[in-house]
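One-letter residues, chain by chain:
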Amino acid sequence: MIQHYKYVIYFIFLSFLAIFLIHSFCPEKSSFALDAGYNKELIVEDRFWVIFKDKGKLETELNVSLKNLPERTRIRRQKSQGSTVNILDLPVHQPYIDGVVNCDARLCLKSRWLNGITVIANDDTIKAILKLPYIDSIQKVARYKANFKLQQKPIDKEIFRAPAKDYSSPEKDYGLSATQITQIRSDFLHSRGYHGEGITIALLDTGFDLSHIALKNVHVLAEYDFINNDSETRDQPPLDDIGQDDHGTEVLSVIAGNDPGKFVGVAYEADYLLAKTEKVSEEGIMFEKQIEEDWWITGLEWAEQNGADIVSSSLGYSDWYTYSDMNGRTAKITIAANIAAEKGMTVVVSAGNEGKSSDHPYISAPSDGFDVVAVGAVNDEGLIADFSSIGPTYDGRIKPDLVAMGEGDYVVDPSNNIGYRKTNGTSMATPLVAGTIALLKQALPEISKPKMLVKLLKYTASQALKPDNHYGWGLINAESAYRYVKFPGSIKDLSDWDPMGSNSSTKIYPNPIKANQMLGIIGAKPIRSIRFYDLLGDLVYQRKDLDDARYLTWDIKNDYGQKVSGGIYICIIEYTDGTTESKKIAVTQ
């Protein structure tokens, strides 16, 4: 009998041991699914979004929320959303947070815009939270593969020791950054005195080390580390592994660097908000190049509240979300980016580096956002980089939106305070576009709506008339964008773009027009002269000293009888009564 019990005890022991080992090696699966908006299997203990149904009775908090807002944030919000504060800006209701924490959940971060919190919890805790009456949904916090650079090529650092020569005008000699700056014609705006002064740009990345000679004078208004919860964004061993801040430092150099004569960023006189939202590795082990989206979202809310006009983030992600989720409304990170755009910020993000992927070459969140500017990469000849992620979004919208140089870009070398190196990735194309938008915002104050600046860049990019899902609307051109607005008598607000002339008594047709067609112009008033310019301001064709003409034609040829190339042209019509009118003409091949 004793021997029999011994076997029973052994059997029970082995059974428990087997169960223990199974759960030790396979802890990630759970046998139940949730109803409140979550229908996927849960990890035994993981990080979750807990979204609430409302914000409680917090109407009285609206005025409180105004107290700490910078004036520039108030002005931007008022222009964009028609009010300084709305329901999205209210804090998450504290009693709701307390109720979740009392279920043994560990609080991580809060999101005003999403009206939720992130917590670390196990299955039993999640079940308890679901019973609370104010819970809308529970979803896993997504983690993503970051759009890091693809490769780095150190260059001879001896070339870049401080020269004796005084470079008093850095835009005259861009040094290593010449190609990436001049290809998009941002040097044109530099030469007219625009370097980003008065514009606030936020960067969301892995961290930022400002010890490099090209970054010592960056105008940093504020910085915050959302991973370690402090105000230091450079590496802090042992909290950070060495090299944590490399990627962010390189990205910052492209937009804000200034080492006259050797390396110049796009908007080196802008003001900057620096947010550390991406963890690269932990104790020497790669963090799977992943980010928990709550860090990014919280960083975005912080940047918006602190007055950012533009946010540049070279951290687009795709893991944990499928292509069907790239519809502009599913990924939490995309929802937050859409809200930021609604509040008047211009959100510029990298499209991704998955272009060569056989199973998922598509863009990643949050570049699928409706008003988010997704940036692809080209080489120094303007040809699309094979790694640049492609569109469309799952719901059929063209992406990326624009492209800039992202192959063979020069950046600072984070390992050497006077060195530089080459790198690839849509990560580097993104700050080029964001910085150019900053220059245009400074140079064209008459365009008050941020979305119109993006529209302006699209109208004047290399593929404005034939956008596709590799280049989007094409390679940006800062000079063309500036001249588009500054033509005499041109339309200042691009929402007035009226290609068919339906809002004017003078009609131009067909528009768009093919290069082998004849353009017709029917004047509402007698016409004295008519001139056609390209977007660089060069006169292409003109007819003057007309005898009170009311009907004119143009055969789409220049003054030398040659067919003009495809693109957008400005038609300036001068009437006999001394008034003028401008029209935009789109010529296709």
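One can find the structure itself at the top, above this paragraph.
Since we're looking at a predicted model, the values are computed, not measured.

**Student:** Could you give an account of helix α9 (residues 293-305), naming the residues involved and the relevant values?
**Tutor:** Because an α-helix completes one turn every 3.6 residues, residues spaced three or four positions apart along the sequence face the same direction. End to end, α9 covers 18 Å across 13 residues, agreeing with the expected 18 Å (1.5 Å per residue, within 8%). Counted residue by residue, α9 has 12 buried out of 13 residues, so it is predominantly covered. By the burial criterion, the buried members of α9 are E293, D294, W295, W296, I297, T298, G299, L300, E301, W302, A303 and E304. Count one or two residues on from α9 and you reach G307, which has phi positive near 100°.

**Student:** Would you mind going over helix α13 (residues 478-486) in detail, with residue names and values included?
**Tutor:** Burial runs high along α13: seven of the nine residues are buried. Residues of α13 that are buried: A478, E479, S480, A481, Y482, Y484 and V485. Buried residues along α13 sit in contact with α7 (186-190), α11 (426-443), α12 (450-459), β26 (567-575) and β27 (580-588). For α13, the N-terminal cap is N477; the gap from its side-chain oxygen to the backbone nitrogen of E479 is 3.1 Å.

**Student:** Summarise the sheet that holds strand β8 (residues 219-225); cite the residues concerned and give the values.
**Tutor:** Strand order in the open sheet made by the seven strands is β8-β11-β7-β15-β16-β17-β18, with parallel pairing throughout. Edge positions in the sheet fall to β8 and β18 (402-405), since each has one partner strand and no second. Taken over all neighbouring pairs, the strand axes of this sheet differ in orientation by 25° on average, direction set aside.

**Student:** Residues and numbers for the environment of G257, please.
**Tutor:** Tracing the backbone through its elements, the reader meets G257 in the loop between α8 (246-256) and β9 (258-259). Through-space distance from the C-alpha of G257 to that of A214 is 4.9 Å; in sequence the pair is 43 residues apart. Once you skip the residues sitting within four places of it in the chain, G257 turns out to touch A214, L215, L252, F263, V264, G265 and Y268.

**Student:** I'd like a rundown of the sheet that holds strand β3 (residues 116-122), residues and numbers included.
**Tutor:** Taken in spatial order, the four strands make up an open sheet running β2-β3-β1-β4, and their pairing is antiparallel. A single partner strand is all that each edge strand has here, and the edge strands are β2 (106-111) and β4 (135-140). Averaged over all pairs of adjacent strands, the angle between their axes in this sheet comes to 30°, without regard to strand direction. Direction of pairing for strand β1 (residues 45-52) relative to β3: antiparallel, over a ladder of seven bridges. Residue pairing in the sheet places I51 in a bridge with G116 of β3.

**Student:** Got a sec to walk through a nonpolar patch on the surface? Specific residues and values, please.
**Tutor:** On the surface, a cluster of nonpolar side chains totalling about 290 Å² of accessible area is made up of Y509, I522 and Y551. As for its position among the elements, Y509 is in strand β21 (residues 507-509).

**Student:** An account of the pairing of strand β11 (residues 271-276) is requested, with residue identities and associated values reported.
**Tutor:** For β11, the tally of buried residues reaches five of six residues, placing the bulk of the element in the interior. Note: strand β7 (residues 200-205) against β11, six bridges, orientation parallel. Following the sheet pairing, A202 is matched in β11 by L273. Of the pairings in the sheet, the one linking β8 to β11 comprises six bridges and is parallel in character.

**Student:** Let's hear about the side chain of S427: which residues, and what values?
**Tutor:** Along the chain, the position of S427 falls in helix α11. Classification of S427 as buried rests on a relative accessible area of 0%.

**Student:** Tell me what's going on with the pattern of salt bridges, and back it up with residues and numbers.
**Tutor:** Taken as a whole, this structure holds 24 salt bridges when the rule is applied. Linking R185 and E479 is a salt bridge whose minimum nitrogen-to-oxygen distance equals 2.7 Å. With a gap of 294 residues between them, R185 in the loop between α6 (178-182) and α7 and E479 in helix α13 connect regions that are remote in the sequence. What makes E479 buried here is its relative accessible area of 8%. Members of the salt-bridge network, linked through shared partners, are R76, R77, D89, R112, E301, E304 and K343.

**Student:** Account for the side chain of D235, with residues named and values stated.
**Tutor:** Topologically, D235 is positioned in the loop between β8 and α8. K276 provides the closest opposite charge to the buried, unpaired D235, separated from it by 5.2 Å. A distance of 3.5 Å separates the side chain of D235 from the backbone nitrogen of Q244, its partner in a polar contact. In terms of polar contacts, D235 uses its side chain to reach the backbone amide nitrogen of D245, at 2.9 Å.

**Student:** A description of the packing of α8 against α11 should follow, citing residues and the corresponding values.
**Tutor:** Geometrically, a packed helix pair is captured by the angle between its two axes and the distance between the axes. For the pair α8 and α11, the least separation of the axes is 8 Å and the interaxial angle reads 35°. In the packing of α8 onto α11, the handedness of the crossing is right-handed. Touching H247, E250, V251, V254 and I255 of α8 are S427, M428, P431, L432, A434 and G435, all from α11. A per-class count over the contact of α8 with α11 returns seven nonpolar, three polar and one charged.

**Student:** Describe the packing of aromatic side chains, listing the residues and the values that go with them.
**Tutor:** Following the criterion strictly, the structure yields 15 aromatic pairs and no others. A centroid spacing of 6.1 Å and a plane angle of 40° characterise the contact between Y459 and Y484, whose relative ring orientation is tilted. Here the residue Y459 occupies a position in helix α12, and Y484 occupies one in helix α13, the gap between them amounting to 25 residues. Summarising the burial analysis for this pair, Y459 and Y484 share the class buried. Ring pairing ties together the aromatic residues F532, Y541, W554 and Y569, which thus form one cluster. Directly above the aromatic system of W473 lies the positively charged group of K458, at a separation of 4.1 Å from the ring centroid. Here the basic side chain of K525 rests over the ring of Y575, its NZ or CZ set 4.6 Å away from the ring centre.

Rules and cut-offs
- Residues numbered from 1 in each chain as written.
- Predicted model: local features only at pLDDT ≥ 70, side-chain atom pairs only at ≥ 80, totals over all residues.
- Heavy atoms only, no water.
- Helix = DSSP H or I, 4+ residues; strand = E, 2+ residues; numbered from the N terminus.
- Expected span 1.5 Å × (residues − 1).
- Buried < 20%, exposed > 50% of the residue type's maximum accessible area, 1.4 Å probe, protein only.
- Contact = heavy atoms within 4.5 Å.
- Polar contact = N/O pair within 3.5 Å; in protein donor to acceptor, adjacent residues only side chain to side chain.
- Pairing = 2+ DSSP bridges.
- Axes fitted to C-alpha atoms, helices over the stretch in contact; angles between N-to-C directions.
- Patch = residues over 30% accessible without salt bridge, like charges linked within 9 Å, V, L, I, M, F, W, Y side chains within 5 Å.
- Areas by Shrake-Rupley, 256 points an atom, 1.4 Å probe, with all protein chains shown as cover.
- Salt bridge = Lys/Arg side-chain N within 4 Å of Asp/Glu carboxyl O.
- Lys, Arg positive; Asp, Glu negative; His and termini not counted.
- Left-handed = near helix turned anticlockwise from the far one by under 90°.
- Nonpolar A, V, L, I, M, F, W, Y, C, P; charged D, E, K, R; others polar.
- Phe/Tyr/Trp six-rings, centres within 6.5 Å; stacked < 30°, edge-to-face > 60°.
- Lys NZ or Arg CZ within 6 Å of the ring centre and 35° of its normal.

None of this, on its own, says anything about what the molecule does.
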